Structures are given as structure tokens and as C-alpha cells.
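Okay, here's what each chain looks like letter by letter:
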Amino acid sequence: MKIGIVGAGMVGSAAGYALALRGGASEIVLVDRNMALAVAQAEDIAHAVPFAHPCRVSAGDYDALEGADLVILAAGVAQKPGEDRISLLSRNAEVFAQVIAGVQKAAPETMLLVASNPVDVMTEVALRISGLPREKVIGSGTILDTARFRSLLGDHLGVAPQSVHAYVLGEHGDSEVLAWASARAGSEPVARFGVQVGAAITQSVRERIDEGVRRAAYRIIEGKGATWYGIGAGLARIVQAVRDDQRSVLSVSIVTPEVEGVTDVALSLPRVVGRSGVMTTLLPELAEDEASALRRSAEMLKQTALSLG
Ligand SMILES: NC(=O)C1=CN([C@@H]2O[C@H](COP(=O)(O)OP(=O)(O)OC[C@H]3O[C@@H](n4cnc5c(N)ncnc54)[C@H](O)[C@@H]3O)[C@@H](O)[C@H]2O)C=CC1
Ligand SMILES: CC(=O)C(=O)O
């Protein structure tokens with residue numbers, strides 16, 4: 001599968017590296033308005049290929065995306081320390097107008113995987129500009145927040161994050177919703193699992209994990225300027241679900257007809273992802289406060305998207 005990546009900065013290059021290590025692509029093409037950066041990243045990633053899986057890695061102009069099955073959009077500006085994701089919107093919407101025109105000239109039918117923030121609203125922007133079907137314009141959404149949630153829950157319970165089935169819903173951002181009511185470790189509700197292993201999930205544990213997930217990006221950006229490994233791996237995971245038609249349940253963002261009474265809004269829910277993109281959307285069991293928080297998150301995202309005109 002040929003994968004394009006537009007935006008060869010920290011996120012785009014980390015996605016390329018993760019794809020190369022996981023064997024997620026037969027060809028990767030990096031595009032950036034800074035061609036020297038794209039060339040350097042491609043050369044560096046290519047040097048990891050002999051330790052991983054066969055894959056051609058190159059840099060090029062938009063023309064080089066011809067035949068791409070999927071293009072990751074990681075171009076634009078990123079948060080500065082203390083800045084929130086929504087504040088990037090107008091700058092990154094301008095970038096997408098330019099970038100998506102370039103991508104579609106070379107690969108009109110390619111699936112789009114949006115990473116640039118604020119990723120939910122940028123997914124809606126990408127849908128509007130591209131005119132593609134909504135199931136083929138996928139935002140990475142809360143795939144990263146879900147990974148953070150599973151990692152912290154797994155640490156607390158003393159199990160591998162792969163054995164934790166828990167999702168973060170709504171916005172990839174401050175209003176996101178940790179879905180505790182449906183969270184499982186193995187097949188057990190996490191509260192019951194916690195009691196059985198002597199690691200009860202008390203209110204203070206919930207608050208610590210909630211803060212750990214919701215504020216992760218702010219902390220990491222404060223410490224090293226940006227986040228890239230987690231999202232790079234998450235993007236590669238989504239690409240593999242598409243490439244291998246895995247029908248994996250992943251929390252990703254697409255424009256959704258209706259959620260908690262809010263219509264046509266891009267946000268994350270658990271969705272079945274396969275070769276044709278998002279195939280099915282699931283609404284997990286929610287506690288009352290989780291449903292209200294999801295409605296508030298959806299309303300905020302809808303208003304923000306409308307404010308773009
Ligand atoms: N969805 C998620 O979970 C995450 C999203 N992000 C977002 O990903 C985006 C990229 O972040 P970083 O890679 O850290 O930033 P970065 O600054 O390292 O890379 C951005 C790249 O975009 C390129 N670019 C800017 N305008 C362009 C244009 N018009 N055409 C082509 N290339 C263009 C720049 O030259 C730069 O190389 C940001 O919006 C950031 O907030 C970051 C981490 C996680
Ligand atoms: C930057 C960002 O969106 C994150 O790490 O969650």
C-alpha cells in the first residue's frame with residue numbers, strides 16, 4: 001500500500017518511522033513545503049528499513065502522491081506550551097485548503113487520515129474541501145487519548161494495556177470524555193477487576209487518571225516542545241487497519257450524523273475500521289454524567305466548526 005504523508009515535521013516523520021517499523025506500507029512518500037526537511041526525514045527513515053520490513057521511502061512534490069491509497073495530513077502549526085488545540089484552527093484551516101488541493105490533484109480518490117489539530121474540526125474541514133465520502137476522511141481523533149487511558153489504567157491494575165478495553169470519546173482535546181462505565185480489563189468491568197487484584201479504582205484514582213490523560217499533551221509539550229511517538233504509532237495503527245482490512249475497533253473521528261442530539265459533527269467514537277475506511281460506529285454504554293459530557297463536547301465542536309463559516 002502506498003502511503004503519502006504531508007507535513008514531515010515531528011508527527012509526520014514519527015508516523016513514517018512507525019509505519020516503516022511495523023511494515024505498514026510498501027511505499028511512503030513525504031511531502032512538505034520545506035523540501036529539504038522532507039528529503040532529510042525520508043533518508044533517515046529509509047535507514048531504518050533494513051532493520052524492519054521492505055518499504056520504499058522517498059520525498060517529493062505533490063505529484064509524487066499519484067497512486068497513493070491513503071494520505072496522512074500532518075501539516076500546519078502545532079501548540080506552543082500552554083496553548084490549546086482549538087486556537088490553531090484558523091491557521092491550519094488555511095494550510096489544509098492548499099494541501100488538500102495539492103493532494104487531490106495527484107490522487108483524487110485517496111483516503112485522508114487527518115492528524116493536524118484541532119483534529120476533529122480539521123477532519124470536518126478536510127471533508128468539506130475534499131468532497132470525499134465521510135467514511136474516507138478519518139481523523140486520528142482520540143486514538144492517542146485512548147492509548148493514554150489504557151496505559152494508565154493498565155499501570156494501575158498491573159495488566160498490559162493490550163488487555164484493557166476502554167475508550168476516550170468526543171473531542172481530542174480539553175472536553176474529551178473518558179468512558180469509565182464501559183471500561184473493561186479482560187472481560188471484567190474495571191471496577192470489579194480492581195477490587196479482585198487489590199487495586200481499587202477510587203475517586204482519587206479516577207481523578208489522577210483523568211488528569212493524566214486530559215493534560216498529557218500540555219505536560220509533554222512543556223517538557224520537550226511537541227508530542228510525536230504516541231501519535232506516530234497511533235497513525236500507523238490506523239493505516240494497518242485499513243491496509244489489512246482488519247475491521248479493528250478504534251476510537252477515530254469522522255463527521256457523525258448524530259450523537260447525543262448533536263447532528264453532523266466530527267468527533268471520536270469507537271468505530272470499525274477496514275479497507276473502505278470507517279465501516280460502522282458504536283456507541284458504548286455511558287453513565288449519565290458521561291453522556292452529558294459527550295453532548296457538551298459535541299456541542300462545542302459543532303459551534304467551533306460553524307464559526308469557520
Ligand atoms: N492528532 C493528534 O493526536 C496530534 C496532533 N498533532 C498536530 O499535528 C500537527 C503537526 O505537528 P508537528 O509535526 O509537531 O509540527 P511540526 O512543526 O514539526 O511539523 C509541521 C510541518 O508542516 C509543514 N507545513 C506547514 N504548512 C505547510 C503547507 N502549507 N504545506 C506543506 N507543509 C506544510 C511544516 O513545514 C512542518 O514541517 C500540529 O497541528 C499538531 O498540533 C500533534 C500531536 C498529536
Ligand atoms: C499535541 C496533541 O494533540 C497530543 O499530544 O495529544
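Residues numbered from 1 in each chain as written. Chains lettered and ligands numbered in written order. Predicted model: local features only at pLDDT ≥ 70, side-chain atom pairs only at ≥ 80, totals over all residues. Heavy atoms only, no water.

Trainee: Explain the site of ligand 1 here, please?
Mentor: The environment of ligand 1 is made up of 26 residues, and the closest members are Val 11, Asp 32, Val 77, Ala 115 and Asn 117. Within the backbone of Arg 33, one N or O atom sits 3.3 Å away from a nitrogen atom of ligand 1. His 172 is positioned such that a nitrogen or oxygen atom in its side chain is 3.1 Å from an oxygen atom of ligand 1. Against a free-state accessible area of 860 Å², the protein chains account for coverage of 88% of ligand 1. Elements with a minimum of two residues in the shell around ligand 1: helix 1 (10–22) and helix 3 (89–106). Of all the elements, helix 3 adds the most residues to the shell around ligand 1, at four residues. The residue inventory of the shell around ligand 1, partitioned by class, reads 14 nonpolar, ten polar and two charged. Two domains share the shell around ligand 1, each providing at least three of its residues, namely domain 1 (2–139) and domain 2 (142–307). (Near = heavy atom within 4 Å. Polar contact = N/O pair within 3.5 Å; in protein donor to acceptor, adjacent residues only side chain to side chain. Areas by Shrake-Rupley, 256 points an atom, 1.4 Å probe, with all protein chains shown as cover. Helix = DSSP H or I, 4+ residues; strand = E, 2+ residues; numbered from the N terminus. Nonpolar A, V, L, I, M, F, W, Y, C, P; charged D, E, K, R; others polar. Domains from an automatic or database assignment.)

Trainee: Can you walk me through the site of ligand 2 in this structure?
Mentor: All residues in the neighbourhood of ligand 2 are listed as Gln 79, Arg 85, Asn 117, Leu 144, Arg 148, His 172, Ala 217 and Thr 227. Here an oxygen atom of ligand 2 and a side-chain polar atom of His 172 are 2.7 Å apart. Thr 227 is positioned with one of its side-chain polar atoms (N or O) 2.7 Å from an oxygen atom of ligand 2. Look at ligand 2: alone it shows 220 Å² of surface, and the protein chains cover 91% of it. Broken down by class, the residue content of the shell around ligand 2 amounts to two nonpolar, four polar and two charged. When we break the shell around ligand 2 down by domain, the ones giving at least three residues each are domain 1 (2–139) and domain 2 (142–307).

Trainee: Help me out: how do you make sense of the packing of aromatic side chains in this one?
Mentor: The geometry of an aromatic ring pair is captured by the separation of the ring centres together with the interplanar angle, meaning the angle of the planes. Scanning all chains against the criterion turns up two aromatic pairs. For the ring pair Phe 149 and Trp 180, a centre distance of 5.1 Å and an interplane angle of 75° mean the geometry is edge-to-face. You can see Phe 149 sitting in helix 5 (residues 143–157) and its partner Trp 180 sitting in the loop between strand 9 (177–178) and strand 10 (184–185), a full 31 residues away along the chain. Assessed through its relative accessible area of 0%, Phe 149 is described here as buried. For Trp 180, a relative accessible area of 9% puts it in the buried group. Judged by centre distance (5.7 Å) and plane angle (55°), the ring pair of Trp 228 and Tyr 229 falls under tilted. We classify Tyr 229 as exposed; its relative accessible area is 58%. Positioned above the aromatic ring of Tyr 218 is the side chain of Arg 215, whose terminal nitrogen or guanidinium carbon lies 4.0 Å from the ring centre. Positioned above the aromatic ring of Trp 228 is the side chain of Lys 224, whose terminal nitrogen or guanidinium carbon lies 3.6 Å from the ring centre. (Phe/Tyr/Trp six-rings, centres within 6.5 Å; stacked < 30°, edge-to-face > 60°. Buried < 20%, exposed > 50% of the residue type's maximum accessible area, 1.4 Å probe, protein only. Lys NZ or Arg CZ within 6 Å of the ring centre and 35° of its normal.)

Trainee: Before we go on, may I ask you to explain the domain arrangement of the protein in this structure?
Mentor: For interface size, the figure often reported is the accessible area lost on association. The domain boundaries assigned to the protein delineate domain 1 (2–139) and domain 2 (142–307). The straight-line distance from the C-alpha centre of domain 1 to that of domain 2 is 22 Å. Opposite the 40 residues of domain 1 that make contact, domain 2 presents 44 residues. Both sides of the domain 1 and domain 2 interface together cover about 3400 Å² of buried area, and 64% of this is carbon and sulfur. (Contact = heavy atoms within 4.5 Å. Buried area = accessible area lost by both parts, 1.4 Å probe.)

Trainee: What should I look at first to understand the UniProt feature "domain: Lactate/malate dehydrogenase C-terminal" (unreviewed entry) in the protein in this one?
Mentor: Mapped onto the present numbering, the UniProt feature "domain: Lactate/malate dehydrogenase C-terminal" (unreviewed entry) falls on residues 142–303. Helix and strand shares over residues 142–303 are 46% and 25% respectively, and the end C-alpha atoms of the span are 19 Å apart. (UniProt positions renumbered as here; feature names shortened; annotations may be inferred.)

Trainee: Sorry, what's going on with the sheet that holds strand 10 here?
Mentor: Sheets are built from strands paired through backbone hydrogen bonds, the pairs being either parallel or antiparallel. Strand order in the open sheet made by the three strands is 7-10-11, with antiparallel pairing throughout. Edge strands, defined here as strands with exactly one partner in the open sheet, are strand 7 (164–165) and strand 11 (188–189). With two bridges connecting them, strand 10 and strand 11 associate as antiparallel partners. Across the sheet, the residue bridging to Arg 184 is Pro 189, located in strand 11. (Pairing = 2+ DSSP bridges.)

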